[in-house]
Amino acid sequence: MTEYGRGPGSEPWHPEDPLYGDGGWGGQQPSGGQSTYGGQGQYHPQQPQQHAQYEDWSTGQQQGYGQQQYGGPAGQQQYNGGPEQQYDGAPQQQYNGGPDQYDGGYDTGGHGQVPYAADPSDPYANQPGGYGAESSPDYYGTPDAYPPPEPPSRRRGAPEPQQDWDPGPDQGEHAFFSGADDDEDDYDDGPPGRRGDRRGGRGGKKPKKRRSGCACLVVTLVFAGGLGGVGYFGYQFYQDRFGTSPDYAGEGTGLATVDIPKGSGGYVIGQKLKDAGVVKSVDAFVSAQAQNPKGDSIQDGVYVLKKQMSAKSAVELMLSPKSRNNLIIPEGKRNSWVYKQIDTRLELDKGTTEGIAKKDWKSLGLPDWANSNKDIKDPLEGFLYPSSYPVAKGQKPETVLKKMVAQANQKYDELGLKSKAAQLNLKDPLQVLTVASLVQAEGKYKHDFDKVATVVYNRLKPGNTETYGLLDFDSTVNYAKAESTLETGTVDDLRKFNDPYNTYKIKGLPPGPIGNPGDEALKSALNPAKGNWYYFVSINADETLFAETNEQHERNRQKYLEEQKKNSG
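Residues numbered from 1 in each chain as written. Predicted model: local features only at pLDDT ≥ 70, side-chain atom pairs only at ≥ 80, totals over all residues. Heavy atoms only, no water.

Draft legend 1. Summary view of the packing of aromatic side chains. One pass over the full model with this rule turns up seven aromatic pairs. Site record: aromatic cluster; members linked through ring pairs are Trp-369, Phe-383, Tyr-385 and Tyr-412. Looking at Lys-333, its charged tip hangs above the ring of Trp-337, at a distance of 5.1 Å from the centre. Positioned over the ring face of Phe-497 is Lys-481, at 4.9 Å from the centre of the ring. (Phe/Tyr/Trp six-rings, centres within 6.5 Å; stacked < 30°, edge-to-face > 60°. Lys NZ or Arg CZ within 6 Å of the ring centre and 35° of its normal.)

Draft legend 2. The arrangement of the packing of helix 3 (residues 282-291) against helix 4 (residues 311-318) in detail. Where helix 3 meets helix 4, the axes come as close as 8 Å, and the angle between the chain directions of the two elements is 55°. Here helix 3 lies oblique to helix 4, going by the angle between them. Classified by chirality, the crossing of helix 4 by helix 3 is right-handed. Contact residues: Ala-284, Phe-285, Ala-288 and Gln-289 in helix 3; Ala-311, Lys-312, Val-315 and Met-318 in helix 4. By residue class, the composition of the contact of helix 3 with helix 4 is six nonpolar, one polar and one charged. (Axes fitted to C-alpha atoms, helices over the stretch in contact; angles between N-to-C directions. Helix = DSSP H or I, 4+ residues; strand = E, 2+ residues; numbered from the N terminus. Parallel < 35°, antiparallel > 145°, perpendicular 65-115°, else oblique. Left-handed = near helix turned anticlockwise from the far one by under 90°. Contact = heavy atoms within 4.5 Å. Nonpolar A, V, L, I, M, F, W, Y, C, P; charged D, E, K, R; others polar.)

Draft legend 3. Representation of the side chain of Thr-353 in the model. You can see Thr-353 is positioned in helix 6 (residues 352-360). Those residues in contact with Thr-353 that lie beyond four places of it in its chain are Tyr-339, Ile-342, Asp-343, Leu-348, Pro-397 and Leu-401.

Draft legend 4. Structural detail: helix 10 (residues 449-459). By the criterion of burial, helix 10 is predominantly enclosed, with nine of the 11 residues buried. Those residues of helix 10 that fall on the buried side of the exposure criterion are Phe-449, Val-452, Ala-453, Thr-454, Val-455, Val-456, Tyr-457, Asn-458 and Arg-459. Tucked inside the fold, the buried residues of helix 10 contact helix 9 (429-442), helix 13 (519-526), strand 7 (535-540) and strand 8 (543-547). (Buried < 20%, exposed > 50% of the residue type's maximum accessible area, 1.4 Å probe, protein only.)

Draft legend 5. The arrangement of the pairing of strand 8 in detail. With four of five residues buried, strand 8 lies mostly within the body of the structure. Looking at chain direction, strand 7 and strand 8 are connected through five bridges and run antiparallel. For Val-537, the partnering residue across the bridge sits in strand 8 and is Leu-545. Connecting the antiparallel pair strand 7 and strand 8 is a turn made up of two residues. (Pairing = 2+ DSSP bridges.)

Draft legend 6. Looking closely at the confidence of the model for the chain. Of all residues in the chain, 62% attain a pLDDT of 70 or more, and the chain-wide mean is 75. Below a pLDDT of 50 lies the segment residues 1-6, which in the model reaches 20 contacts outside its immediate sequence neighbourhood of four places, other chains included. Within the model, the stretch residues 182-203 combines pLDDT values under 50 with 22 contacts to residues more than four positions away or in other chains. (pLDDT = per-residue confidence, 0-100.)

Draft legend 7. Region of the structure containing helix 13. Burial analysis of helix 13 places six of its eight residues in the buried class, the great majority of the element. Of all the residues in helix 13, the buried ones are Asp-519, Ala-521, Leu-522, Ser-524, Ala-525 and Leu-526. Against helix 7 (397-415), helix 8 (417-420), helix 9 and helix 10 lie the buried residues of helix 13.

Structure representation (structure tokens):
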């Protein structure tokens, strides 16, 4: 719609329309007081017919605007401004260039579409190729046309600004692998000039992102890696449960030293052997151990094995004493013997371990009740518990000693030495340990240990009339002299020997243990047999004679001498 003449369009507004009288829909009148329709008033059926004047822009004169005719029923009125000439200059052709009327009028309550006749004074009306001509494109009936003008009540707001993000596939973007726009231009070649698209003709849409082949490669690699991982773990799962475990064949070659910790199970042992190169897999060892009837009897300690052995051969060799490289401390051995064994195993100079024990004994883990007497010769005596310990070249002496002391502390806590000392009329747990060391040294056979412990406790009684509080044990003299012999001397000579450990001269217990007692001696010291024995002598391995008086003991000694003659003859 222009100010130069009325083009094809919808019918005028109804006077009851609330926006009736809105000149030009914007409330403004063109210059010169003319209406938007070139000076012609809007048509309303309730108003009398009016004749509008058009100003001739070329001559400045007014010319009459053809008489408007209203023919036909409502909804088919026509403006006849010339001899049967309609607006678009084509006979019987209406706004859209076809036999049908324009169906874009506004809903005014029943008025149809009204085609307009040409205005003779309109300089654009009679030009060739007018609106609707077949030779000229219809700019209101094509997809590229401007949208028809709308009244204020139906106007749309300004288009929302385009978001500066990459739309998803549901917003027009191609699927990831489609590649549909890889070979197209970077800009959308949509029809320019649309009023609805304000970016048209001003650089167009933003360039669409190209799909990079690198991204596709990355995704492909991710998928391939995932499938490969699933396949690998699936294979491992199958091998662990159904497949044959990897294993070496044969007896192996070379040497490998393996330290098995205490309390280790089959899988821990197998892992240690695998790390040392002895077996090929943990599962192979566990399977071989389970198939061997004695497989569960493998103990902790140091083993000397061969490398690349079959799992079956490794189990068999570990069950053999030949493979054990542990230091075994027998029951009753003194610390001096243990120190020498450690030096030998660690290939150290003689006296190295003993020197460390005397110098660093406070840092080796002794309990607080140890070394309670200033006359103790060796603070570690009695705390190197008899057992089997892994000792191999490369270890430090203090490390080995700490393991032994820790083993002793654990055992003494289990037996309750600290809590039972008072029940036995002893001053502290160290005296309990000292009694156990005497039982271990004096008792020849374990089945006699509980009676030997009774003899010790009876002799310690201050009111006894047999020994008068003296123990009279040769073992204590031997310890004081660092000897181990039956020929300790006469009683008179022994009573002259001045040493805190000489129980022929000093009443009561020696200052500390005289060796490392074993489990049986400890239990006997804690649970002595009931009896009034003060003396004992072992005739043979099956018989030990106990006596309550010295006279009885002398008779028992005679039996011992006779037994010795039989064995020597």
